[in-house]
Amino acid sequence: MSLTFEAKPVDAPATAAGDPRIQRIARAMCRAARIDPDQRAGAVAIFNIHCHGGRSENDPAWTLFQRQAELFVAMNPDVVGPL
């Protein structure tokens, strides 16, 4: 039996380029995982697990948490509004 899941887009997703909160939150998530946000993503063990298409191992480690930060902002506008 094969299961497939399709991600549904979130309304007006924020991006790191357009919203500075994304990078701040992603960097905080990275630090919470005890990872230096400025080290190369390829040096982080989870890079091999969470590597997305187009992601370079030379990108900073915080970019591994970028999508989660975008989802957090989209799902918690009342919390991140004042940031």
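Just above sits the structure.
In this text, all values refer to a predicted model and were calculated from it rather than measured experimentally. (Residues numbered from 1 in each chain as written. Predicted model: local features only at pLDDT ≥ 70, side-chain atom pairs only at ≥ 80, totals over all residues. Heavy atoms only, no water.)

Engineer: Can you walk me through the nonpolar core in this structure?
Structural biologist: Side chains that are nonpolar tend, in soluble globular proteins, to be buried together. If you look at the biggest cluster of nonpolar residues, it comprises 14 residues, and the most contacted ones within it are C30, I35 and F65. Secondary-structure elements contributing two or more residues to this core are α1 (20-32) and α3 (66-75). Of all the elements, α1 adds the most residues to this core, at four residues. (Core = buried A, V, L, I, M, F, W, Y, C linked by side-chain atoms within 4.5 Å. Buried < 20%, exposed > 50% of the residue type's maximum accessible area, 1.4 Å probe, protein only. Helix = DSSP H or I, 4+ residues; strand = E, 2+ residues; numbered from the N terminus.)

Engineer: So what exactly am I meant to see when it comes to the pattern of salt bridges here?
Structural biologist: Close approach of charged atoms lets side chains of opposite charge pair. Evaluated as defined, the whole model comprises three salt bridges. Here R21 ties to D19 by a salt bridge, and the two come within 2.6 Å at their closest N and O atoms. Between E70 and R67 there is a salt bridge; the shortest N-O distance is 3.4 Å. Taken together, the residues E70 and R67, both in helix α3 and three residues apart, mark about one turn of the helix. Looking at R67, the relative accessible area reads 36%, which means it is partly exposed. (Salt bridge = Lys/Arg side-chain N within 4 Å of Asp/Glu carboxyl O.)

Engineer: Looking at this model, I keep getting lost on α1. Mind explaining?
Structural biologist: Because an α-helix packs 3.6 residues into every turn, residues spaced three or four apart end up facing the same way. End to end, α1 covers 19 Å across 13 residues, agreeing with the expected 18 Å (1.5 Å per residue, within 8%). Residues of α1 that are buried include every one of I22, I25, A26, R27 and C30, and no others. Looking at the buried residues of α1, the elements they touch are α3 and α4 (77-80). Trailing α1 by a residue or two, R34 shows a phi angle of about 60°, which is positive. (Expected span 1.5 Å × (residues − 1). Contact = heavy atoms within 4.5 Å.)

Engineer: What's the story with unusual backbone geometry in this structure? I'm lost.
Structural biologist: Both trends apply: most residues other than glycine have a negative phi, and most peptide bonds are in trans. Located in the positive-phi region is R34, a residue other than glycine, with phi close to 60°. Relative to the helices and strands, R34 resides in the loop between α1 and α2 (47-50).

Engineer: Any chance you could explain α3 here in plain terms?
Structural biologist: Listing the buried residues of α3 in full gives Q66, A69, E70 and V73. An end-on view of α3 places all buried positions within 100° of arc, on one side of the element. On its buried face, α3 is in contact with α1 and α4. (Arc of directions from axis to C-beta.)

Engineer: Would you take a moment to explain the packing of α1 against α3 for this structure?
Structural biologist: The geometry of a pair of packed helices is captured by two quantities: the angle between their axes and the separation between those axes. Interaxial distance between α1 and α3 falls to 8 Å at its minimum, and their mutual angle equals 120°. When the axes of α1 and α3 are compared, the pair comes out oblique. Crossing of α1 over α3 shows right-handed handedness. Taking contact as the criterion, the partners of R21, I22, I25, A26 and M29 in α1 are, on α3, Q66, Q68, A69, E70, F72 and V73. Here the residues of the contact of α1 with α3 sort into seven nonpolar, two polar and two charged. (Axes fitted to C-alpha atoms, helices over the stretch in contact; angles between N-to-C directions. Parallel < 35°, antiparallel > 145°, perpendicular 65-115°, else oblique. Left-handed = near helix turned anticlockwise from the far one by under 90°. Nonpolar A, V, L, I, M, F, W, Y, C, P; charged D, E, K, R; others polar.)

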